[in-house]
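This is what each chain is made of:
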Amino acid sequence: MRFTFNQLRWVTLILRAVGSVLFVGTFFTPPTLHPWMPLMLSACFFGFSAHWDYRRYRCPHCGYHLGKRMFPLPEACVHCGNPIHLDDEACDPTKKSPTAMQ
């Protein structure tokens with residue numbers, strides 16, 4: 001599935017928000033639910049968000065990871081210097097370039 005950088009940022013933001021809500025939910029668990037369940041689910045959401053970010057938040061030109069900050073999007077890749085726009089396609093992890101996955 002192809003995503004633009006704008007869509008990618010929103011997907012990771014939603015995953016992190018759901019993980020945060022589940023983490024806060026650990027303090028208000030009903031008595032019928034084990035208290036560790038929301039905590040483990042929030043860890044899964046945060047882990048999947050980090051994995052998603054690491055695999056797809058890369059330069060569309062050279063495949064170099066763009067860093068940890070998604071807001072604001074960098075204007076250019078620090079590795080190759082090519083400009084990056086919100087409407088550019090995010091890196092597809094199934095297509096590996098020679099310099100990708102550094």
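The structure we're discussing is the one just above.
Residues numbered from 1 in each chain as written. Predicted model: local features only at pLDDT ≥ 70, side-chain atom pairs only at ≥ 80, totals over all residues. Heavy atoms only, no water.

## What about the packing of aromatic side chains?
Move 1: For the coordinates displayed, the defined rule picks out three aromatic pairs.
Move 2: Note on phenylalanine 48 and tryptophan 52: the rings are 5.8 Å apart at their centroids and 45° apart in plane angle, and the pair reads as tilted. Placement of both phenylalanine 48 and tryptophan 52 in helix 2 (residues 36-56) is noted, with a separation of four residues, approximately one turn of the helix.
Move 3: Across the ring face of tryptophan 52, the terminal group of arginine 56 is positioned such that the distance to the ring centre comes to 4.8 Å.
Move 4: When the ring centre of tyrosine 54 is taken as origin, the NZ or CZ atom of arginine 58, which lies over that ring, is 4.8 Å away. (Phe/Tyr/Trp six-rings, centres within 6.5 Å; stacked < 30°, edge-to-face > 60°. Helix = DSSP H or I, 4+ residues; strand = E, 2+ residues; numbered from the N terminus. Lys NZ or Arg CZ within 6 Å of the ring centre and 35° of its normal.)

## Comments concerning helix 1 (residues 5-25)
Move 1: Helix length check: helix 1 (21 residues) gives 30 Å between terminal C-alpha atoms against 30 Å at 1.5 Å per residue, within 8%.
Move 2: Within helix 1 the residues assigned to the buried category are Phe5, Leu8, Arg9, Thr12, Leu15 and Gly19. Mapping the buried residues of helix 1 onto a view down its axis gives an arc of 130°, with all of them on the same face. Counted as exposed and oriented over 90 degrees from the buried face of helix 1: Ile14 and Val21.
Move 3: For helix 1, the elements touching its buried residues are helix 2. (Expected span 1.5 Å × (residues − 1). Buried < 20%, exposed > 50% of the residue type's maximum accessible area, 1.4 Å probe, protein only. Arc of directions from axis to C-beta. Contact = heavy atoms within 4.5 Å.)

## Thoughts on the packing of helix 1 against helix 2
Move 1: Two numbers describe how helix 1 lies on helix 2: the axes approach to 7 Å, and their chain directions differ by 160°. Here helix 1 lies roughly antiparallel to helix 2, going by the angle between them. Crossing of helix 1 over helix 2 shows left-handed handedness. Across the interface between the two elements, Phe5, Leu8, Val11, Thr12, Leu15, Arg16, Val18, Gly19, Ser20, Leu22, Phe23 and Gly25 of helix 1 pack against Pro38, Leu39, Leu41, Ser42, Phe45, Phe46, Phe48, Ser49, Trp52, Asp53 and Arg56 of helix 2.
Move 2: Among the residues forming the contact of helix 1 with helix 2, the class breakdown is 14 nonpolar, six polar and three charged. (Axes fitted to C-alpha atoms, helices over the stretch in contact; angles between N-to-C directions. Parallel < 35°, antiparallel > 145°, perpendicular 65-115°, else oblique. Left-handed = near helix turned anticlockwise from the far one by under 90°. Nonpolar A, V, L, I, M, F, W, Y, C, P; charged D, E, K, R; others polar.)

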